[in-house]
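# Summary of the model geometry
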Amino acid sequence: MKRLPDGRVVFETLADVPPVAMTYASTAWNRTGDWRSREPAFRDLTPPCAAACPAGQDVVDQIRLFAQGRVREAGEVILSANPFPATTGRVCPHPCDAACNRGRMDGALDIPGVERALGDALLSERLDLPARRGGQARVAVVGAGPAGLTAAHFLTLAGHRVTLYGREDRPGGLLRTGIPPYRLPRAVLDAEVERALRPGVRFEGGRALGDGLDLARLGGESDAVLLAIGRHAPRRLGVPGEEARGVVDGLALLEALHRGEPAPDGDRVVVVGGGNTALDCARSLLRRGRKVTVAYRRGREEMPAFGDEVEEAVEEGVAVEAWAIPLEVRSRGGRASGLRLSRARPGEKDASGRPRPEPVPGSDFELPADLVVVAAGESLDAAGLPSGLVQGGAVAIPADSQIAGRLFACGDCAGGGGTVAHAIGAGRRAAAELCALLGGDAPAVDLLAARGAGPAVAAFDGIRPAWFPPAPPRSRGRAEAAPRRLGDAEVRLGFDAPSAMAEAARCLGCGTCTGCDICYQLCPDRAVLRGAPGGYRADTSRCKGCGVCAEECPRGAVELCEVGA
Amino acid sequence: MADRVIPLARPRPAPEPRLRMPDVEVMQPGHLACPGCAAPILLRTFLRLAGPRTVLVIPACCCSVIDGPFPYSAYGVNVVHCAFETAAVTAGGVKAGLRARGDSDALVVAWAGDGGTFDIGLQSMSAAAERNEDVLYVCYDNEAYMNTGVQRSGATPGGAWTNTTSAGKKQKKKDLDGIMAAHRIPYFATVSPGFFDDMVAKMRRAIATPGFRMLHALSPCPPGWKMDERNTVAAARLAVETRVFPLFEVVDGVEWRITQAPRPRPVSEYLSLQGRFARLDAAAVERVQREVDDEYALLARHCAEGSTDWPLSPL
Amino acid sequence: MASDRLLTGNEAVAWAVARSGVQVVAAYPITPQTTIIETLASLGQKGVSRAEFVPVESEHSALAACIGAAHAGARTFTATSGQGLALMHELIHWAAGARLPIVLANVNRAMAPGWNIWTDQNDSLSQRDTGWVQLYCEDGQEVMDSVVQAFALAARLSLPVMVVLDAFFLSHTAEAISVPEEAEVADLIPAWKTPWRIDLEKPKALGSLVPSAEYEQMRRQVDAAHREALSAIEDLAATWRGRFGRGVGLVDRYRCEGADEILVASGTAASTARAVVDTLRARGRSAGLVKVRAFRPFPTAALRQALLPARRVAVLDRNCSYGASGIFFQEVRAALCGLAGAPPVHGFIAGMGGRDITPSTIEAALGHARGEPRPESTWLTE
């Protein structure tokens, strides 16, 4: 009886055969992998939350690290994409949890709640930010809102010498002037801004294009100039009578309130508009004792304001007139006394996919109003910008111009998505683009690709709910409505740390191998091996291609492919 | 040009194993199971829990072939191959022999298919149960004589195609669970690889219980059930969710307890996964649904009448 | 020291099992085997036997349990009869193919239908091709001695051994039997150490699928073990004679010197045949008896040696292979076939279903044997 090197056993003569059938070796030498026509690919996909995040965060990794109690490490991950997690956790419209696959099970993860808890925890952590590396250029960033702050932060971490110019005397942009404290407490904003500047960003306040800043001179002093001036020029209503006193722009109102100025007179307020600015104005005035109605030309469901805002406003006592188109500002003695509106009904869908409001003939009505606040959207403030740089309402630098390669624009002013998260993502990408030109260690643009996740999104049909014990979402709740009206205390409550971690632990980890071992445990042939970079790999000498691993992976991180494909 | 992109030396979350299993592996790869066969999933899991001081007694069935031919073996423990009808009694004999030589701690397991349990092996299993032999009997049930090429057995469900019931089996599946409960054995449980934690807990409990204990495991067979190999575990899960194969345990024949009660799904979801039920029309599916509901109601009555609050303790 | 007891054949089986240090007994009751297991149970209660008893639900299961226990290395035993032996048939093959040292006592009982609890040999002879050693006993002492020797042979050869005794004539007939002490025979039964016992340190699968060439080689080794058994049975008999002063090996030759006519018989019929030989000798006829004890392995050489000098041979069969002839007759005739000077062999069937074989039956056979030999057996119905 001879033992071959591959593990097989041969009986050289029949005389070697034992009296009975008994074992001389295991079957391990048998290459059942030769049977296969399919095989598994263990590769991470993009989780839907990350795909939806305008800031490009690696949402799953952040959340799972936090759930594991590793706050500093979760902080490293989130701060490598988003310097303002405590802020975005409060004010972002969170498309991530609208996309959350768990929403099709027992309830989406409260991602903003977790992000906010993580952000707040990091404020007390005093993390060391990565050291400055390599860059030497002088960069001017114009606009100290979230886009500009983010770009300045990452450029400084890359080693560049950055000067950040802001219109107000403190950085923050619309974060500070456009979002009331009951949504974003000042202490939180200040702490995150301070951390963003900490690597050595030089800030100069009270400077804006066309008002203390000359673009050409900036260009001469810097190796590159980045415009991040946002979109905050008021839009007019376009109806007769809007020149009367008592008709104000929404953003301007909020800026004034931010500066501590008293609100304009007028006990009965009508706010025209359906976005966050409109509601922020409405609720800020409510807190100053006014009676407030918000009039919007489409329905409540179509209001661009983030869903909870409207609910909270109504709880506090704001009235909402939906499907109401402003026709005319009525005035008495030069001062606004009322707003005439027409009822509307949903018509054809427009370019945005929402039904166009069609006036209903003969349905005019009037809302009494001493103060009309117009919050009907913002546009680019082109002051100080050469006309050749503005196209279609946004900054656009022609590729063949002299300044291409030295002048850049990012965020809302360049046509960006309009939310804080969009701005943060835009600022980071701009910083990376600038590092490509000027040197220095650029921030990672695509965090998921950097950890080997593919671009395909992990859809719900790849999730196996049976592997996840039911766990309904924890609720955070809101402060009581009555006391809320009286001041600036935060409306939406946050999770305490244990609740935040418990909520974070509900994360399925869509498309992301979490080392759960289910593929390893279930393989009938022990053909799933541990320890590859993606977590596991197939032993092709054994894998019969059954596909149980691919079918059972709870988070769709294993795909069954044809061999040779 | 950028000097370099900051390399992603950032932390990743730690692995989170979902299934707590001992780190030991007993069964070897290279065995002859069809791709996607549930039996090696069951056996590999079981042996990791039972450990190397285990003797498997295996009658004629798929698992007697899966182990590999002389001179090889995949299972990594002692295996006594035995005649078709004799799994339970041979196991009892092995245990008596081990007792005689002082190795009474070794676990003796009869590991048999549905043919060798429901049909030809029923007699010797019934007697071994009546004698309360110190044997753990596992029936891995793929619901037909699969090893011989898919012929019907007493375990084949009504309506299922096999090579001897091409128009669908007329009779219902034999109620082996009721039979074994009536034997008042110390522990009986149904298990499904689609509910892994439940299966592991029951395997552990059965291993630790002295006397005659039995696990009835659903073991889907992709070729015999005519379904894609990747659906083996999913089918085992659906069988439970559609209440075709409820998960329950019976202690001493009188304490009945349903151990998993997932949100029920219509039986059509289970049937439509498998080509062996393709002939069933809507009326037939409705009949199956009614039968499943009636059987489950009966099981629920057993549980209501006979049980106390019985925690599923991982012994 | 051995003790003399008045024991039936069945009780002798039980005492022999107890004295052989058996560890596991599995059995199912069937007349006329029942008193074997009842006696064993009683000996167990008294502590004379230390075997664990498994009260199985059928004979098939009885042998299955023994097979299991033997795989674990335990010394095992079962007993049955007639229908029960037939039910075990699949596993009779199994035990021999698995090379397990199981000992089985079979009380020869006629096969149904109709129900018949008395003796003939068709049940045990139907198992002759399975690879078991078969020893046929003439009296109670031979039963006692053969069962103990069976354990010794089984362990030495790794072959199962069947000890056969006639229903009622032997199973239920009491005689004075010398019962050895356990210590007097323990050294004769070797510990069974083979690689195909369950080994918890070095596990293996026993009895897996075997390809054809290897299977044939394994079966050839069963046959080779039977060749070895021929000398093992004789060696053991010699040792036994030396120690206890009694007993025979493969065959017993009684008054064969110069015998013209030799009877060949087995079981209790042999003891009647002895009496007939004495009667004939007294009348001046030169008659002798060869008693066949070992039927498997078939003692060809011993039979040739004993029978070649005779002028005629008359073989008594308490069995029939329907469509051919009596079975001992077939095999004896085959053993002498083609040998120069071999005497004619005549076959006779008598005593099936327990019918009495009397001295006149046997004399009649010898009378028939003076005629021409016939290919089939002559049924001695009177």
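Our subject is the structure listed above.
Residue positions are counted from 1 within each chain, in the order its sequence is given. To read the labels, note that chains go from A and ligands from 1, taken in the order they are written. Confidence filtering applies because this is a predicted model: local features only for residues at pLDDT of at least 70, side-chain atom pairs given and counted only at 80 or more, and all residues used for totals across whole chains, interfaces and linings. Side-chain metrics in this entry use all non-hydrogen atoms of the structure; hydrogen atoms and water are not considered.

Bringing the overall build of chain A into the picture now. To qualify as a helix, a DSSP run of H or I must reach at least 4 residues; to qualify as a strand, a run of E must reach at least 2; elements of each kind are numbered from the N terminus. Scanning chain A from terminus to terminus reveals 19 helices and 27 strands. Considered along the principal axes of its C-alpha atoms, chain A spans approximately 120 × 55 × 45 Å. What sets the accessible areas is the Shrake-Rupley method with a 1.4 Å probe; for residues, cover comes only from the shown protein chains. Of the roughly 22,500 Å² of accessible surface on chain A, a fraction of 50% belongs to carbon and sulfur atoms.

Bringing the packing of helix H1 (residues 9–19) of chain C against helix H2 (residues 34–45) of chain C into the picture now. All names here are of chain C. In contact at an axis separation of 8 Å, H1 and H2 are set at 45° when each is read in the N-to-C sense. Considering their axes alone, H1 and H2 lie oblique with respect to each other. Of the two possible hands of crossing, H1 and H2 adopt the one that is right-handed. Contacts from Asn-10, Glu-11, Val-13, Ala-14, Trp-15, Val-17 and Ala-18 in H1 reach Thr-35, Ile-36, Thr-39, Leu-40 and Leu-43 in H2. Under the convention adopted here, Pro, Cys and the residues Ala, Val, Leu, Ile, Met, Phe, Trp and Tyr are nonpolar, Asp, Glu, Lys and Arg are charged, and Gly plus all remaining residues are polar. Along the lines of polarity and charge, the residues of the contact of H1 with H2 split into eight nonpolar, three polar and one charged. Every axis corresponds to a line fitted to the C-alpha atoms, with the helix fit spanning only the stretch in contact, and the corresponding angles, defined between N-to-C directions, vary from 0 to 180 degrees. Should an angle lie under 35 degrees it is considered roughly parallel, over 145 roughly antiparallel, and from 65 to 115 roughly perpendicular; all remaining angles are considered oblique. Definitions for this section: a left-handed crossing has its near helix turned counterclockwise from the far helix by less than a right angle. A right-handed crossing has that turn clockwise. Any pair of residues with heavy atoms lying within 4.5 Å of one another is described as a contacting pair.

The next thing to look at is the sheet that holds strand S12 (residues 247–249) of chain A. Residues and elements named next belong to chain A. Taken in spatial order, the five strands make up an open sheet running S12-S20-S13-S14-S15, and their pairing is parallel. Lying at the two open borders of the sheet, with one neighbouring strand each, are S12 and strand S15 (319–321). When strand polarity is set aside, the average angle formed by the axes of neighbouring strands in this sheet is 25°. In this scheme, strands are said to pair when DSSP sees at least two bridges between them. The pairing of S12 with strand S20 (residues 371–374) spans three bridges and is classified as parallel. Looking at S20, one finds that Val-248 is bridged to Val-373.

Moving on, we get to a nonpolar patch on the surface. Exposure above 30% relative accessible area and the absence of a salt bridge qualify a residue for a patch, where like charges join within 9 Å and nonpolar side chains (Val, Leu, Ile, Met, Phe, Trp, Tyr) within 5 Å. By definition here, a salt bridge exists when the distance from a side-chain nitrogen of Lys or Arg to a carboxyl oxygen of Asp or Glu is within 4 Å. Taken together, the side chains of Trp-35 of chain A together with Leu-32 and Val-65 of chain B make up a nonpolar region of the molecular surface, amounting to roughly 240 Å² of accessible area. Note that Val-65 of chain B resides in helix H2 (residues 62–66).

Taken together, the contact pairs 51 residues of chain B with 67 residues of chain A. Two parts placed together each lose some accessible area under a 1.4 Å probe, and adding up what both lose gives the buried area. Buried surface at the junction of chain B and chain A, summed over both partners, amounts to about 5,100 Å²; 53% is from carbon and sulfur atoms. Connecting chain B to chain A are 10 salt bridges. Arg-12 of chain B is the partner of Asp-61 of chain A in a salt bridge, and the nearest nitrogen-oxygen pair spans 2.6 Å. Identification of polar contacts relies on pairs of N or O atoms within 3.5 Å, with a donor-acceptor requirement for protein atoms, meaning one able to donate a hydrogen and the other able to accept it, and with residues adjacent in sequence counted only if both atoms are side-chain atoms. Our count for the chain B to chain A interface comes out at 34 residue pairs in polar contact (both at pLDDT 80 or more). When residues of the side of chain B that touches chain A are traced back to their parent elements, those giving at least two are helix H1 (38–50), strand S2 (72–73) and helix H9 (232–241) of chain B. Sort the elements by how many residues they give to the side of chain B that touches chain A and H9 of chain B lands first, with five residues. Class assignment for the residues of the side of chain B that touches chain A results in 27 nonpolar, eight polar and 16 charged.

Another point: the packing of aromatic side chains. All names here are of chain A. Put simply, two rings from Phe, Tyr or Trp (the six-membered ring, in Trp's case) pair if the centres are within 6.5 Å, and we call them stacked under 30 degrees between planes, edge-to-face over 60, tilted for the rest. The tally for this structure, following the rule as stated, stands at 19 aromatic pairs over all chains. On the numbers, 6.4 Å between centres and 45° between planes, the contact of Phe-42 with Tyr-536 is tilted. Here Phe-42, found in strand S4 (residues 38–42), pairs with Tyr-536, found in strand S26 (residues 536–538); they are 494 residues apart in sequence, far enough to count as distant. Of the two residues, Phe-42 and Tyr-536, neither departs from the other in class, the shared state being buried. The buried label goes to any residue with under 20% of its type's maximum accessible area, the exposed label to any with over 50%, and the partly exposed label to all in between, with areas taken from a 1.4 Å probe on protein chains only.

By themselves, these observations are geometric and do not establish any function.
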